[in-house]
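Observations on chain architecture
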Amino acid sequence: MTILIVGATGTLGRQVARHAIDEGYKVRCLVRNFKKAAFLKEWGAELVRGDLCVPDSLTPALEGVTAVIDAATARPTDSLSIRKVDWEGKVALIQAAKAAKVDRFIFLSILNADKYPEVPLMEIKRCTELFLAESGLDYTILRLAGFMQGLIGQYGIPILEGQPVWVTGESSPIAYMNTQDTAKFVVRALSLKEAENKAFPVVGTRAWSAEEIIRICEGLSGKEAKITRMPINLLRTVRRLLRFFQWSWNVSDRLAFTEVIASGKPLDAPMEDVYEIFGFDVNETTTLESYLQEYFNRIMKKLKELDYQKTKTKKKKAKKSPFKNVNNQ
Ligand SMILES: NC(=O)c1ccc[n+]([C@@H]2O[C@H](COP(=O)([O-])OP(=O)(O)OC[C@H]3O[C@@H](n4cnc5c(N)ncnc54)[C@H](OP(=O)(O)O)[C@@H]3O)[C@@H](O)[C@H]2O)c1
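Below, the structure is looked at part by part.

What counts, and at which threshold
- Residues numbered from 1 in each chain as written.
- Predicted model: local features only at pLDDT ≥ 70, side-chain atom pairs only at ≥ 80, totals over all residues.
- Heavy atoms only, no water.
- Axes fitted to C-alpha atoms, helices over the stretch in contact; angles between N-to-C directions.
- Helix = DSSP H or I, 4+ residues; strand = E, 2+ residues; numbered from the N terminus.
- Parallel < 35°, antiparallel > 145°, perpendicular 65-115°, else oblique.
- Left-handed = near helix turned anticlockwise from the far one by under 90°.
- Contact = heavy atoms within 4.5 Å.
- Buried < 20%, exposed > 50% of the residue type's maximum accessible area, 1.4 Å probe, protein only.
- Pairing = 2+ DSSP bridges.
- Right-handed = clockwise from strand over helix to strand, strands pointing away.
- Salt bridge = Lys/Arg side-chain N within 4 Å of Asp/Glu carboxyl O.

The next point concerns the packing of helix α6 (residues 149-161) against helix α8 (residues 210-221). Between α6 and α8, whose axes approach to 10 Å, the crossing angle comes to 45°. As far as their axial angle goes, α8 and α6 are oblique. The way α6 lies across α8 gives a crossing that is right-handed. Side by side, α6 and α8 meet where Leu151, Tyr155, Gly156, Ile159 and Leu160 of the first sit next to Ala210, Ile213, Ile214, Cys217 and Ser221 of the second.

Attention now moves to unusual backbone geometry. Residues apart from glycine generally show negative phi values, whereas peptide bonds are mostly found in trans. With phi around 65°, asparagine 112 is a residue other than glycine that occupies positive phi space. Structurally, asparagine 112 is set in the loop between β5 (104-110) and α5 (120-133). We classify asparagine 112 as buried; its relative accessible area is 17%. The backbone of asparagine 197 shows a phi angle near 55°, a positive value even though the residue is not glycine. On the secondary structure map, asparagine 197 appears in the loop between α7 (179-189) and β10 (198-202).

Below, the discussion takes up the pairing of strand β1 (residues 2-6). Across the 5 residues that make up β1, a large majority, 5, are buried. Of the two faces of β1, both are covered, the one formed by Thr2, Leu4 and Val6 as well as the one formed by Ile3 and Ile5. Pairing of β1 with strand β2 (residues 26-31), which is carried by 5 bridges, proceeds in the parallel orientation. Considered in β2, the bridge of isoleucine 3 is made with valine 27. Considered for its hand, the β-α-β crossover made up of β1, helix α1 (residues 11-22) and β2 is right-handed. Pairing analysis gives 4 bridges linking β1 to strand β4 (residues 67-70), with the strands arranged parallel. Bridged to valine 6 within β4 is aspartate 70.

Another point: the pattern of salt bridges. All chains considered together, the criterion is met by 15 salt bridges. A salt bridge links glutamate 46 to arginine 28, with the shortest nitrogen-to-oxygen separation between them at 3.0 Å. In this pair, glutamate 46 sits in strand β3 (residues 46-49) while arginine 28 sits in strand β2, placing the two residues 18 residues apart along the sequence. In this structure glutamate 46 comes out as partly exposed when scored by relative accessible area, which is 33%. Look at arginine 28 and you get buried, because its relative accessible area is 11%. The shortest N-O distance in the salt bridge between aspartate 181 and lysine 184 comes to 3.8 Å. On the criterion of helical spacing, the pair formed by aspartate 181 and lysine 184 is a turn pair, its members being 3 residues apart in helix α7.

This brings us to the sheet that holds β1. Ordered in space as β3-β2-β1-β4-β5-β6-β10, the 7 strands form an open sheet in which the pairing is parallel. At either margin of the open sheet sits one strand with a lone partner, and together these are β3 and β10. Averaged over all pairs of adjacent strands, the angle between their axes in this sheet comes to 20°, without regard to strand direction. The pairing of β2 with β3 spans 4 bridges and is classified as parallel. Within β3, the position partnered with valine 31 by the bridge is arginine 49. With respect to the sheet, α5 is in contact with β5 and β6 (139-144), its orientation differing from that of β5 by roughly 160°.

Below, the structure is given as structure tokens:
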């Protein structure tokens, strides 16, 4: 069974590729840049060059493919807009998959997408879910919340470095999940009859607010966070201003997402039935505390080693110094 993964160089996509290869699937990855994707080839995946925004590149990539996993999304660092990649690109991919008669299409959406029609990415996810359901393809939609991997850059590193940690509005508790755990659900969906033409939430074991995560990071690092609060109204004004200029629409659309994470409304869902259908044990899912503990243990050990090396080098230098004897005399 050959599967095509789109977005395999991304945070979640790479874990999906790794897990699918480990599970014995023949994995093909549609990538924009071979150099950046070299690690996927080393793992045993086949690479094909393609771009969601170049529809002609999709048909050859789908040749002989049984299932598609779409883990792509517009990069904030790209000039391409969410509309171009996440809507036009995905419509082209679904149409190409239909023409190639693939057996299953797995789409990664966002939890509660239907509750935020004013947020462009949420509205696009909702519309893509509908478009896929009406395409005639056999599909599974997994609705995700947030990834634990993102917490390191957002809280872990700034707290360790004494940099400000930004908290916007009334922080929404989010049920973050380790992408390695999410990947297991994605790959299992490929072969699960009960997952055919259905949508499921796939989220972490409980929802955490920004303040709770900061407290855990402080405890694990022994450092106090410098919290900077950004009023939601200020962000809304900035967003409205940015909408005036076409060149800043992309930034404005991304800022709109703060409406989701600063609304105070939890991004969480019950998962008991999902664990049962997918045949996984919730006790094997990474908790946020254990994920952060593992990260801080690793980083604190590294910092101690670096500190030890520095002291050793200093001592060596001091021994060699001709002034040492002079001072001692
Ligand atoms: N991050 C979260 O917290 C979160 C939460 C809920 C749902 N999700 C969903 O989960 C999925 C994976 O998200 P992620 O955070 O892992 O994404 P990510 O790390 O930002 O990676 C995005 C991936 O999409 C690829 N891509 C971007 N534009 C493309 C194009 N024009 N053609 C082909 N590939 C393109 C990127 O390739 P390059 O390496 O070439 O840029 C990269 O592999 C997405 O559907 C996202 O909406 C994410």
